[in-house]
Amino acid sequence: MNSKSPLQRNVFPTRKLVVGCLLPVLLLGSVVVWLSLHVQPAVRMPVSRLPASTREARHEDYVGSQACASCHASQVNQHARSGHARTFYRTDDGRFDSQVDGRQFKDPERGVTFHYHAGPGGLSVTLPERFPDDAFPLHFGLGSGHHAISFMTLVPGTDGRAVGIEHRVSLFGEDHEPGLTPSHRGQAVTQEVEHFGRVRSPELLDRCLGCHTTTYRREGLKLTELQPHVGCESCHGPARRHVEQMQHGTIGDTLGLTAISWTATEQIRRCGECHRRPDMLESPLEPDNLKLVRYAPVGILQTACYRKSEGRLSCTTCHDPHRPVSRDAQHYETRCLSCHSAEPAQQVSCKVSSQKGCIACHMPQVEVHPGMSMSDHWIRVRGADGLMSKER
Ligand code: HEC
Ligand code: HEC
Ligand code: HEC
Ligand code: HEC
Ligand code: HEC
Ligand code: HEC
Ligand code: HEC
């Protein structure tokens, strides 16, 4: 890097920055430049809660999902194929190399082209039109890829704590098509690093990691004691004691394995610690608010099926928490009919179609982002506009 590098301009200069910026660069090359910038954590978001497991437990109480395999083989095998087992990756494990290496993406708003590279240290991206000599690293990939994968980089903030840079480009759908990350549209650049992505405050970074991993400790820019993905212990709590007891044949005390004894309401709220609950929303709880479609627990808690069924409707009425989500409408319609069949007469059944087609009419897929649709869990009668009629 020479003294005219744009990286030295415009980035909330502090003394620390100058020292941090030059030394590593001389020693290690240009990718490091970005990691030694001190970025202003501009975005302030209200802090909501992390999953209970991450919040309260000690890291050493976690044993990892593989430790369950010897005794709970079926849950472990099924879970390994589910979206929960694919929520967080380090990019240096090579998983994304073939999809990303050599690829280019032209930013439709800013006109510049991102170039992607894979190497032993993980992925990196360049913007040759702006920064001819510098590559920006991409440390982690979040999301299974069914809908999308977004990349995150840890850099030091002005106060020394790590902030996250959420990359401007994400990969969408099973074909991993690059596109602008949701919420990055129209985003202005106020400091150099924002050419590559949005600055996520230390608090928000911890929330991303809290929902997408089972446990981790953040030391400076490093994640240690990382159990990636939503593992068994994300829902059942740390299980070291259970495993030790079971190995020693001390039957009777399975303390800490919470999920099994949740009531419907408790379960919806617990799944909602990640899938979002009404009290975590930043937008209004209204029937025609399309943003709510992403948040299954919010919809379920509003629906008459939950409110009028005396605790009989929960997430596990329709989803096996250990299996990949079923994409078969019939699987779900069987569940609807367990409460809405024409017989017995005390159940409320559908006058329009009493046997089939329930999901398409009452839980349609709604586009939440161009090219990304999700099922609306606010089960209700919809108006002629097809989607968001008021609840009756
Ligand atoms: C050495 C064998 C063994 C290992 C390893 C083991 N379990 Fe278990 N687990 C058992 C047995 C046996 C039971 C049934 C105990 C009972 O019903 O009292 C059980 C029960 C459970 C239950 C149901 C609890 C309930 O209240 O009915 C859950 C949930 C569970 N285990 C989760 C886990 C998780 C998560 C792991 C890995 C982190 C794990 N187990 C590792 C043997 C094991
Ligand atoms: C620790 C956070 C966390 C908890 C707790 C959690 N989830 Fe998830 N869940 C996720 C994330 C993250 C994804 C996204 C995976 C992806 O990118 O496709 C997900 C995906 C899913 C999917 C789609 C899975 C697939 O195979 O494509 C279903 C269904 C689901 N969760 C249901 C539940 C239910 C039911 C519960 C409660 C019993 C629950 N989740 C609890 C974080 C969580
Ligand atoms: C409160 C928990 C929570 C937080 C915080 C969180 N996620 Fe997620 N994330 C989820 C869940 C649950 C899903 C799956 C369902 C959905 O899409 O909402 C998901 C899905 C995703 C996906 C897959 C695409 C998609 O929408 O299904 C990506 C990519 C992603 N998250 C990235 C991030 C990033 C980056 C951050 C931080 C800026 C973040 N998440 C913060 C819970 C969370
Ligand atoms: C998304 C949350 C979630 C994850 C992840 C999860 N479980 Fe469960 N698990 C549950 C819930 C909820 C129940 C209660 C099932 C019910 O009510 O039908 C349960 C029940 C169980 C049971 C009791 C028997 C049964 O199948 O109902 C065992 C054993 C178990 N889980 C083991 C595991 C193991 C091992 C893993 C990791 C491979 C795991 N679970 C991952 C939520 C989860
Ligand atoms: C655990 C039982 C249960 C399940 C499962 C269930 N429902 Fe319901 N649902 C109810 C109850 C109870 C009501 C309220 C009926 C009344 O008005 O008395 C209701 C109401 C409804 C309504 C009317 C909503 C309104 O606002 O008036 C629709 C539409 C509906 N359910 C569709 C479905 C569909 C579609 C499924 C499957 C995806 C489903 N339900 C699954 C119990 C259930
Ligand atoms: C009445 C049945 C029903 C209940 C109850 C239910 N879901 Fe679903 N869920 C569905 C259907 C239908 C789909 C769409 C499956 C498909 O893509 O074909 C779905 C899909 C999902 C997905 C994947 C979204 C996507 O498009 O990839 C997630 C995540 C999810 N549900 C979470 C939850 C959570 C969390 C709860 C509890 C708060 C819950 N669901 C309760 C029926 C249900
Ligand atoms: C073609 C679209 C369509 C299909 C398919 C469909 N519904 Fe409906 N459903 C409606 C409409 C429209 C209403 C409102 C009817 C009215 O108010 O007269 C309704 C009403 C209902 C109600 C409220 C009944 C009441 O009297 O309050 C329930 C419950 C319901 N549907 C459940 C189901 C179930 C379960 C299935 C699948 C077996 C299903 N629906 C299939 C469109 C559909």
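Conventions we followed
- Residues numbered from 1 in each chain as written.
- Chains lettered and ligands numbered in written order.
- Predicted model: local features only at pLDDT ≥ 70, side-chain atom pairs only at ≥ 80, totals over all residues.
- Heavy atoms only, no water.
- Helix = DSSP H or I, 4+ residues; strand = E, 2+ residues; numbered from the N terminus.
- Buried < 20%, exposed > 50% of the residue type's maximum accessible area, 1.4 Å probe, protein only.
- Contact = heavy atoms within 4.5 Å.
- Areas by Shrake-Rupley, 256 points an atom, 1.4 Å probe, with all protein chains shown as cover.
- Donors = N, O, S within 2.8 Å, 3.2 Å for Na, K, Ca; no water.
- Tetrahedral: all angles 85-135°; square planar, octahedral: opposite > 155°, others 65-115°.
- Core = buried A, V, L, I, M, F, W, Y, C linked by side-chain atoms within 4.5 Å.
- Salt bridge = Lys/Arg side-chain N within 4 Å of Asp/Glu carboxyl O.
- 1 Å grid on protein atoms, 1.4 Å probe; cavity = no way out; pocket = protein on both sides within 12 Å on 5 of 7 lines; lining within 4 Å.
- Points joined across faces, edges and corners; volume = space filled by probe spheres on them.
- Nonpolar A, V, L, I, M, F, W, Y, C, P; charged D, E, K, R; others polar.
- Pairing = 2+ DSSP bridges.
- Axes fitted to C-alpha atoms, helices over the stretch in contact; angles between N-to-C directions.
- Near = heavy atom within 4 Å.
- Polar contact = N/O pair within 3.5 Å; in protein donor to acceptor, adjacent residues only side chain to side chain.

Caption draft 1: Just the overall build of the protein chain, in detail. Each helix and strand in the protein chain was counted, giving 14 helices and 15 strands. Counting over 392 residues, the protein chain shows a buried share of 43%. Of all intrachain contacts in the protein chain linking residues separated by at least 6 positions in sequence, the fraction that spans at least 24 positions is 54%. Accessible area of the protein chain: about 20,600 Å², with a carbon and sulfur share of 54%.

Caption draft 2: Region of interest: the coordination of the iron atom of ligand 2. Donor atoms from the polypeptide that coordinate the iron atom of ligand 2 comprise His 84 (NE2) and His 275 (NE2), at 2.0 Å from the metal. Coordination at the iron atom of ligand 2 is octahedral, judged from the six donor atoms that bind it and the angles of 84 to 179° they form at the metal. With His 84 in the loop between helix H4 (73-80) and strand E1 (88-90) and His 275 in helix H9 (residues 264-275), the pair connects residues that are 191 residues apart, well separated along the chain. The partly exposed category is assigned to His 275, whose relative accessible area is 40%.

Caption draft 3: Region of the structure containing the coordination of the iron atom of ligand 1. The protein atoms donating to the iron atom of ligand 1 are His 72 (NE2) and His 242 (NE2), with metal-donor distances spanning 2.0 Å. One can describe the site at the iron atom of ligand 1 as octahedral: its six donor atoms subtend angles covering 88 to 179° at the metal. Of this pair, His 72 sits in the loop between helix H3 (52-56) and H4 while His 242 sits in helix H8 (residues 240-247), and the two are 170 residues apart along the sequence. Accessibility expressed as a relative area gives 13% for His 242, which makes it buried.

Caption draft 4: Geometry of the nonpolar core. Counting residues in hydrophobic clusters, the biggest one holds 24 residues, and the most contacted among them are Phe 114 and Tyr 116. For this core, the secondary structure elements donating two or more residues are strand E3 (113-119), strand E4 (122-126), strand E5 (135-138), strand E7 (148-156), strand E8 (162-167) and strand E9 (169-172). Counting residues per element, this core draws most heavily on E7, at three residues. The contact partners of Phe 114, leaving out residues within four places of it in the chain, are Arg 103, Gln 104, Phe 105, Asp 107, Val 125, Thr 126, Leu 127, His 167, Arg 168, Val 169, His 195 and Phe 196. One finds Phe 88, Phe 140, Met 152 and Ala 162 within the second-largest nonpolar core, a separate group that totals 11 residues.

Caption draft 5: Fine view of the pattern of salt bridges. Summed over the entire model, instances satisfying the criterion amount to 17 salt bridges. Two residues, Glu 177 and Arg 103, come together in a salt bridge whose shortest N-O distance is 3.5 Å. Highlighted residues: Glu 177 in strand E10 (residues 177-180) and Arg 103 in the loop between helix H5 (97-100) and strand E2 (104-106), separated in sequence by 74 residues. The class for Arg 103 is partly exposed, based on a relative accessible area of 26%. In this structure, Arg 218 and Asp 206 form a salt bridge, with 3.0 Å as the shortest nitrogen-oxygen distance. Remark: Asp 206 occurs in helix H6 (residues 202-212) and Arg 218 occurs in strand E12 (residues 213-219); sequence separation between them is 12 residues. The exposure class assigned to Asp 206 is partly exposed, which follows from its relative accessible area of 23%. Residues joined by salt bridges that share partners form a network here, namely Arg 58, Glu 60 and Asp 61.

Caption draft 6: Focus on empty space enclosed by the protein. Under the counting rule described, the total for this entry stands at three cavities of 30 Å³ or more. Taken as a whole, the largest cavity spans an internal volume of roughly 80 Å³. Lining the largest cavity are Val 100, Arg 103, Gln 104, Phe 105, Tyr 116, Phe 151, His 167, Val 169, Leu 171 and Pro 178. The set of elements that each furnish at least two residues to the lining of the largest cavity consists of E2 and E9. Here the lining of the largest cavity is composed, by residue class, of seven nonpolar, two polar and one charged. When its volume is computed, the second largest cavity comes out at roughly 70 Å³. Around the second largest cavity, the lining comprises 13 residues; the ones closest to its centre are Leu 292, Val 293, Asp 376, Trp 378 and Arg 380.

Caption draft 7: Broad picture of the sheet that holds E2. Taken together, four strands build an open sheet; the order of strands is E2-E3-E4-E5 and the sheet is antiparallel. Every other strand in the sheet has two partners, leaving E2 and E5 as the edge strands with one partner each. Shown here is a sheet whose adjacent strand axes are inclined to one another by a mean of 25°, direction ignored. Bridging between E2 and E3 involves three bridges; their strand directions are antiparallel. Paired with Gln 104 across the bridge in E3 is His 115.

Caption draft 8: Quick look at the site of ligand 7. Taken together, 18 residues lie around ligand 7, and Cys 350, Lys 351, Cys 358, Cys 361 and His 362 are the ones closest in. The separation between an oxygen atom of ligand 7 and a polar side-chain atom of Lys 351 is 2.6 Å. Between His 362 and ligand 7, the recorded distance is 2.8 Å, taken from a side-chain N or O atom to a nitrogen atom. Contributing elements (two or more residues each) for the shell around ligand 7: helix H13 (329-340) and helix H14 (358-362). Along the lines of polarity and charge, the residues of the shell around ligand 7 split into eight nonpolar, seven polar and three charged.

Caption draft 9: A look at the site of ligand 5. Close to ligand 5 lie 19 residues; Cys 305, Lys 308, Cys 336, Cys 339 and His 340 are nearest. A distance of 2.8 Å is found between a nitrogen atom of ligand 5 and a side-chain nitrogen or oxygen belonging to His 340. Put simply, the parts of the chain that give the shell around ligand 5 at least two residues each are helix H11 (304-307), H13 and H14. It is H13 that contributes the most residues to the shell around ligand 5, four residues altogether. Split into classes, the residues belonging to the shell around ligand 5 amount to 11 nonpolar, two polar and six charged.

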